[in-house]
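Given next are the chains, with one letter for each unit.
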Amino acid sequence: MFNSLQDKLESAFKNLKGQARITELNVAATVKEIRRALVDADVNYKIAKDFTDKIRDKAMGEKVLNAISPGQLMVKIVKDELTELMGGEEATFNAKGNPAVILIAGLQGSGKTTFSGKLANYLKTKKGLSPMLVAADIYRPAAMEQLRVLGEQIGVEVYIEPENKDAVAIAKNAVAQSKAKNKNVIIIDTAGRLAVDEAMMTEVSNIKNAIDPQEILFVVDSMTGQDAVNTAKAFNDRLDFSGVVLTKLDGDTRGGAALSIKYTVNKPIKFVSNGEKMDALDVFYPERMAQRILG
Ligand code: GDP
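How each quantity is defined
- Residues numbered from 1 in each chain as written.
- Predicted model: local features only at pLDDT ≥ 70, side-chain atom pairs only at ≥ 80, totals over all residues.
- Heavy atoms only, no water.
- Helix = DSSP H or I, 4+ residues; strand = E, 2+ residues; numbered from the N terminus.
- Buried < 20%, exposed > 50% of the residue type's maximum accessible area, 1.4 Å probe, protein only.
- Contact = heavy atoms within 4.5 Å.
- Lys, Arg positive; Asp, Glu negative; His and termini not counted.
- Charge placed at Lys NZ, Arg CZ, Asp CG, Glu CD.
- Axes fitted to C-alpha atoms, helices over the stretch in contact; angles between N-to-C directions.
- Parallel < 35°, antiparallel > 145°, perpendicular 65-115°, else oblique.
- Left-handed = near helix turned anticlockwise from the far one by under 90°.
- Nonpolar A, V, L, I, M, F, W, Y, C, P; charged D, E, K, R; others polar.
- Near = heavy atom within 4 Å.
- Polar contact = N/O pair within 3.5 Å; in protein donor to acceptor, adjacent residues only side chain to side chain.
- Areas by Shrake-Rupley, 256 points an atom, 1.4 Å probe, with all protein chains shown as cover.
- Pairing = 2+ DSSP bridges.
- pLDDT = per-residue confidence, 0-100.
- Salt bridge = Lys/Arg side-chain N within 4 Å of Asp/Glu carboxyl O.

When helices and strands are counted, the protein shows 11 helices and 8 strands. On the principal axes, the C-alpha backbone points of the protein span a range of 70 × 40 × 30 Å. For the protein, with 295 residues in total, the buried portion stands at 52%. Taking the contacts inside the protein whose residues are at least 6 apart along the sequence as the reference set, 75% of them involve residues at least 24 apart. Across the protein, 40 positive and 38 negative side-chain charges occur, with their mean positions spaced 3 Å apart.

We now examine the side chain of Arg 35. Considering the arrangement of structural elements, one finds Arg 35 in helix H2 (residues 24–40). Judged by its relative accessible area of 18%, Arg 35 falls in the buried class. Ignoring sequence-local partners within four residues, the contact set of Arg 35 consists of Tyr 45, Ala 48, Lys 49, Thr 52 and Asp 53.

The next thing to look at is the packing of helix H3 (residues 45–61) against helix H4 (residues 70–85). Packing of H3 against H4 leaves a shortest axis separation of 10 Å and a crossing angle of 140 degrees. As summarised for this structure, H3 and H4 are arranged oblique, according to the angle between their axes. Classified by chirality, the crossing of H4 by H3 is right-handed. In this structure, H3 contributes Ile 47, Phe 51, Lys 54, Ile 55, Lys 58 and Ala 59 to the contact, and H4 contributes Met 74, Ile 77, Val 78, Asp 80, Glu 81, Leu 82 and Leu 85. Split by residue class, the contact of H3 with H4 holds 9 nonpolar, no polar and 4 charged.

A few words on the site of the ligand. In the neighbourhood of the ligand, 17 residues make up the surrounding shell, with Gly 109, Thr 113, Thr 114, Asp 250 and Glu 276 lying closest. Between Leu 107 and the ligand, the recorded distance is 3.5 Å, taken from a backbone N or O atom to an oxygen atom. Between the ligand and Ser 110 there is a distance of 3.2 Å, counted from an oxygen atom to a backbone nitrogen or oxygen. Protein contact buries 79% of the 580 Å² of open area that the ligand shows by itself.

With respect to topology, 8 strands assemble into an open sheet ordered S3-S2-S4-S1-S5-S6-S7-S8, the strand pairing being mixed. Looking along the sheet, the strands with just one partner apiece sit at the ends: strand S3 (157–159) and strand S8 (281–283). Put simply, the sheet's adjacent strands are angled 25 degrees from each other on average, direction ignored. Summarising the sheet, strand S1 (residues 100–106) and strand S5 (residues 215–221) pair through 5 bridges and their orientation is parallel. Its bridge partner being in S5, Ala 105 is matched across the sheet by Phe 218. Across the face of the sheet, helix H5 (residues 112–125) comes into contact with S1, strand S2 (131–136), strand S4 (185–190), S5, strand S6 (243–247), strand S7 (269–273) and S8 while running at roughly 170 degrees to S4. Set on the sheet, helix H7 (residues 167–180) makes contact with S1, S2, S3 and S4; between it and S2 the angle comes to about 165 degrees.

Across the protein, pLDDT averages 92, with 100% of residues at or above 70. At the level of chain-chain contacts, confidence expressed as ipTM amounts to 0.99, with global pTM at 0.95.

This part is about the pairing of S1. In regular strands, side chains alternate between the two faces of the sheet. Summarising burial for S1: 7 of the 7 residues are buried, a large majority. Both faces of S1 are covered, namely the face carrying Ala 100, Ile 102, Ile 104 and Gly 106 and the face carrying Val 101, Leu 103 and Ala 105. The sheet contact formed by S1 and S4 spans 5 bridges and is parallel. Following the sheet pairing, Ile 102 is matched in S4 by Ile 187.

Considering all chains together, one arrives at 22 salt bridges under this definition. Put simply, Lys 79 and Glu 287 hold a salt bridge, and the shortest N to O gap is 3.0 Å. Remark: Glu 287 occurs in helix H11 (residues 286–294) and Lys 79 occurs in helix H4; sequence separation between them is 208 residues. One salt bridge connects Glu 157 with Lys 181, and the closest N-O pair in it is separated by 2.6 Å. With Glu 157 in strand S3 and Lys 181 in the loop between H7 and S4, this pair connects stretches of sequence that are 24 residues apart.

Here we come to the pairing of S7. For S7, the buried fraction is high: 5 of the 5 residues fall into the buried class. Taken together, the 3 bridges between S6 and S7 define a ladder with parallel strand orientation. In the strand pairing of S7, Val 245 is matched with Phe 271.

Written out as structure tokens, the structure is:
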């Protein structure tokens, strides 16, 4: 993950490490290399520029020039700013309710159904909750079947109405059922499309309005770089979601999505998905991610 970004940042810090005397020129060169590394990692230029302007100001303010180990001080400044860029503190995730209703949205293929299964598994095994999964993708029978199989695998009930072509009605019926069955959290997997599409957005908004979810998680494939960020913006404009799930972080992703999403939509990343197995899910910690990026 983020291998190329890691290598480029490491090489940027070489300008400062082991130098007897650091000059403003050294700092400027490092800052420029950091900016290039971010842009190469598919971070939008404006975000990269804002980020490195801050790094430069802090480096000058914190007297990197006179520090005993300027390289180390610079790494710390970059780590702190990366943490901030990705949201600072760990985000909260609210799964308390009667039932807690969690709506999952995103493009087709982003990893929504897989994530829905993982989240149910996480809430069941790690939080001791009694979840129910809901298949609200009325267009693709394969998606319903996929969720049914995942539910079976993790021992979580899946609510399906194969003949019902009204996703809003399915979601409402599922909430009623979950109450009858004493489930304390329900996770609704909605239909995605290959690209942002008005009909899809209207349907998800209608589901949102009908069931008033306490968490709306937007799922996005981290491999899609700046597209991921544009998609996040489109979904957030319509849904005002509560958090982001980044998927496929186990792949060869460059890092742009992880670094740009919070800045763009001002919503926290809450989970990361890093594999196809049901336990390949992590809560997102900005500081740990920043540490990993810096190697
Ligand atoms: P949906 O259309 O949004 O519901 O997407 P799916 O959950 O069906 O996922 C699309 C494909 O991506 C499937 O082949 C999944 O197995 C795969 N997938 C989902 N999440 C991850 C992940 O975190 N890592 C990897 N490597 N593959 C994933």
